[in-house]
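For reference, the chains in residue letters:
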Amino acid sequence: MPIAPSAILGQNVKILHPELVNLYGCTIGDETSVGAFVEIQKNAVVGRRCKISSHSFICEGVTIEDSVFIGHGVIFINDLFPRAIAASGELQTEADWECIPTLVKSGAAIGSGAVILCGVTIGCDSVVGAGAVVTKDVPEGTVVAGVPARLQKRIGKLSAQSGSGLEV
């Protein structure tokens, strides 16, 4: 699994096992860490100071802003109606489907094993619980969990002053 020449890596990006990732046509911001067995596809963007844990899949159309945590085995989806073949009976090509974008805003955290359907926005400083299936937008400063993901509580925004802790 390669790091293709088409992947744009910012300064001090840490790829702990470069021989065990698949990065192509993507952009990864400064000081981001990428774990083993991660795939980041073309036209996906990962911001600065993010942590992408092992076994995660970030597909085309996903934008992850700065300071986002992606847990182990997080899967993003970019097609609401995937099919192997087109109406003609031939295998689908890129021309046969629509890539639906997804946005993860700054400071969000997505727990291990979560599945993020396309077309949603995960708000600033929100938390998606492990194993959740996100089918709708997640408001900023909230915790969602479950299948489908539902609001659990409001936690507020991360404190910009201290760099840690929560304002509630």
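For the structure given in this document, a descriptive report is provided here. (Residues numbered from 1 in each chain as written. Predicted model: local features only at pLDDT ≥ 70, side-chain atom pairs only at ≥ 80, totals over all residues. Heavy atoms only, no water.)

**Let's talk about the overall build of the protein**
Counting secondary structure elements, the protein contains zero helices and 22 strands. Seen through its principal axes, the protein has C-alpha atoms that stretch 55 × 35 × 20 Å. Looking at the 168 residues of the protein, the share that counts as buried comes to 39%. Restricting to contacts in the protein with at least 6 residues of sequence separation, those with at least 24 account for 17%. Split by element, the accessible area of the protein, about 8,700 Å² in all, is 57% carbon and sulfur. Where the 12 positive side-chain charges of the protein centre and where its 16 negative ones centre are 10 Å apart. (Helix = DSSP H or I, 4+ residues; strand = E, 2+ residues; numbered from the N terminus. Buried < 20%, exposed > 50% of the residue type's maximum accessible area, 1.4 Å probe, protein only. Contact = heavy atoms within 4.5 Å. Areas by Shrake-Rupley, 256 points an atom, 1.4 Å probe, with all protein chains shown as cover. Lys, Arg positive; Asp, Glu negative; His and termini not counted. Charge placed at Lys NZ, Arg CZ, Asp CG, Glu CD.)

**Some details on the side chain of Asn 78**
With respect to the helices, strands and loops of the structure, Asn 78 is situated in the loop between β12 (75–76) and β13 (102–104). For Asn 78, a relative accessible area of 12% puts it in the buried group. Within the structure, Asn 78 has its side chain in polar contact with the backbone oxygen of Glu 60 (distance 3.0 Å). Ignoring sequence-local partners within four residues, the contact set of Asn 78 consists of Gln 41, Cys 59, Glu 60, Trp 97, Glu 98, Cys 99, Ile 100 and Cys 118. (Polar contact = N/O pair within 3.5 Å; in protein donor to acceptor, adjacent residues only side chain to side chain.)

**A few points about the environment of Lys 51**
With respect to the helices and strands, the residue Lys 51 is situated in strand β8 (residues 51–52). It is 23 Å that separates the C-alpha atoms of Lys 51 and Arg 154, two residues lying 103 residues apart in sequence. Not counting the four nearest positions on each side in its chain, Lys 51 is found in contact with Ser 33, Val 68, Phe 69 and Ile 70.

**Concerning the sheet that holds strand β11 (residues 69–70)**
Taken together, the eight strands give an open sheet; going across it, the order is β2-β5-β8-β11-β14-β17-β19-β20, and neighbouring strands pair in mixed fashion. In the strand order of this sheet, the two ends are held by β2 (14–15) and β20 (150–154), each with one partner. As judged from the two bridges shared by β8 and β11, these two strands associate in the parallel manner. When the bridges of β11 are listed, Lys 51 appears paired with Phe 69. (Pairing = 2+ DSSP bridges.)

**Describing the pairing of strand β19 (residues 142–145)**
In summary, the side chains of a regular strand alternate between the two faces of the sheet. As judged from the two bridges shared by strand β17 (residues 127–128) and β19, these two strands associate in the parallel manner. Counted as the bridge partner of Val 127 is Val 143 from β19. Looking at chain direction, β19 and β20 are connected through four bridges and run antiparallel. Bridged to Ala 145 within β20 is Arg 150. In sequence, β19 turns back onto β20 through a hairpin of four residues, with Gly 146 there showing a positive phi of about 105°.

**Observations regarding unusual backbone geometry**
That bond from Val 147 to Pro 148 is cis: its omega, -10°, falls within 30 degrees of zero. Note on placement: Pro 148 falls in the loop between β19 and β20. Despite not being glycine, Glu 31 shows a phi value in the positive range, around 60°. For Asp 125, which is not a glycine, the phi torsion comes out positive at approximately 60°.

**Details of the pattern of salt bridges**
This structure, assessed with the given rule, holds two salt bridges. Arg 48 is the partner of Asp 30 in a salt bridge, and the nearest nitrogen-oxygen pair spans 3.8 Å. Of this pair, Asp 30 sits in the loop between β4 (27–28) and β5 (33–34) while Arg 48 sits in the loop between β7 (45–46) and β8; the two residues are 18 residues apart in sequence, bridging distant segments of the chain. When the shortest N-O distance is used, the salt bridge between Lys 42 and Glu 94 registers 2.8 Å. Of this pair, Lys 42 sits in the loop between β6 (39–40) and β7 while Glu 94 is found in the loop between β12 and β13, placing the two residues 52 residues apart along the sequence. Among the residues examined, Glu 94 registers a relative accessible area of 52% and is labelled exposed. (Salt bridge = Lys/Arg side-chain N within 4 Å of Asp/Glu carboxyl O.)

Coordinates in, geometry out; function isn't part of it.
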